[in-house]
Amino acid sequence: MAHSYNFVPLNFKALEEAEMLKRSEEFYQHLNNRRSVREFSSKPVPMEIIENVIKTGGTAPSGANHQPWTFCVVSDPEIKKEIRIAAEKEEKESYENRMSERWKKDLEPLGTDWNKPFIEIVPHIIVVFKRVYEHREGAKHNNYYVNESVGLASGMLISAIHNAGLATLTHTPSPMNFLHKILNRPDNERAFLLLPVGYPADDCEVPEIYRKDLGDIMVKY
Ligand code: IYR
C-alpha cells in the first residue's frame, strides 16, 4: 500500500506588493548577470559551498516527488583528467563528423570547439544524472517527467552556483555515456549534464550576447 504524507500548514509569509516588486526586479537583475563561462581559474572552492548549491538543486519540484536525480561531484584530478580525455574524444568526433554545417555555423559566433581544458582546470565538476527508474520490491518502476524534473533541478542548481558567486557552463558532451562508465553509476542512471564549477579566469571574456526582449518571449491573453 502506498504511504500517505502527513499534511502540515504551508510556511508562507505574504509580502507587501512594493516589497514583491523590489524583490522580483532585484532577482531578475541578479540572474541576468549570469553568463556561461568557458575560461576558469583553478582557485579552490570549499566543498561546503558545493554541498549547499546541490542541496538547492535538490529542492526542485519533480514528478510524484521522486527526485529522480543524482549529482556527482568530481574533485579528484585523476578522474577529471579521465573525463576531459573522454569528453574531448567525443567532442572532436562531433565537431569533425557528427554536427551539421548549419549547427557549426550557429556555434561559430560563440567560439566553441572540441577542446575542453576547463574540465581539468576547475576545482569541481558536477555531473548531473537522471534516474530513469527505481528498484522497488524487486521490480523496476519508471520515474515520471524525468527530463522535466532534472532540467528544473539543473536550472535551480545553476542559479544557486551563480548566487554563490561562482561560474559554470552547461556542458553537454555528446554522447555522454562515458560518464556513466567512468563514474561507475548504477544501471538506472543516465548522464544529463556536466557542470564545471569554479571562479572565472582573471582574463575571462564572454561573447556580447543579447537576451530576447520581454515582448519576444511573453504573450498576454
Ligand atoms: N556540445 C558541444 C557543442 C555545443 C552545442 C551547443 I547547441 C552549444 O550551445 C554549445 C556547444 C560543446 O560543448 O562544445
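So, how was this worked out
Residues numbered from 1 in each chain as written. Predicted model: local features only at pLDDT ≥ 70, side-chain atom pairs only at ≥ 80, totals over all residues. Heavy atoms only, no water. Near = heavy atom within 4 Å. Polar contact = N/O pair within 3.5 Å; in protein donor to acceptor, adjacent residues only side chain to side chain. Areas by Shrake-Rupley, 256 points an atom, 1.4 Å probe, with all protein chains shown as cover. Helix = DSSP H or I, 4+ residues; strand = E, 2+ residues; numbered from the N terminus. Nonpolar A, V, L, I, M, F, W, Y, C, P; charged D, E, K, R; others polar. Buried < 20%, exposed > 50% of the residue type's maximum accessible area, 1.4 Å probe, protein only. Pairing = 2+ DSSP bridges. Contact = heavy atoms within 4.5 Å. Axes fitted to C-alpha atoms, helices over the stretch in contact; angles between N-to-C directions.

Taken together, Glu-91, Tyr-95, Trp-103, Leu-107, Asp-113, Lys-116, His-171 and Thr-172 make up the full set of residues adjacent to the ligand. One of the side-chain N or O atoms of Tyr-95 is found 2.6 Å from an oxygen atom in the ligand. Here a nitrogen atom of the ligand sits 3.3 Å away from a polar atom, N or O, in the main chain of Thr-172. Summarising the interface, the protein chains cover 68% of the accessible area of the ligand, which totals 380 Å² for the free molecule. Looking at the shell around the ligand, the elements with two or more residues in it are helix H3 (77–98) and helix H4 (101–107). When grouped by side-chain class, the residues that make up the shell around the ligand number 3 nonpolar, 2 polar and 3 charged.

All right, on to the pairing of strand E6 (residues 189–198) then. The buried fraction of E6 amounts to 8 of the 10 residues, a majority that puts the element mostly inside the structure. Pairing analysis gives 8 bridges linking strand E2 (residues 124–131) to E6, with the strands arranged antiparallel. In the strand pairing of E6, Val-128 is matched with Leu-193.

Here the residue pair Ser-174 and Pro-175 is connected by a cis peptide bond, since its omega of -10 degrees sits within 30 degrees of zero. Looking at where Pro-175 falls in the secondary structure, it is placed in the loop between strand E5 (167–168) and helix H7 (177–182). Of note in this structure, Tyr-145 is not a glycine but carries a positive phi near 45 degrees. Tracing the backbone shows Tyr-145 in the loop between strand E4 (139–142) and helix H6 (146–163). For Tyr-145, a relative accessible area of 60% gives the class exposed.

It is worth spelling out the sheet that holds E6 at this point. Strand order in the open sheet made by the 4 strands is E1-E2-E6-E5, with antiparallel pairing throughout. Since the sheet does not close on itself, it has two edges, and those belong to strand E1 (69–74) and E5, each with one partner. Against the sheet, helix H2 (residues 47–57) touches E1, E2 and E6, its axis set at about 165 degrees to E1.

The values are spatial; any link to function lies outside them.
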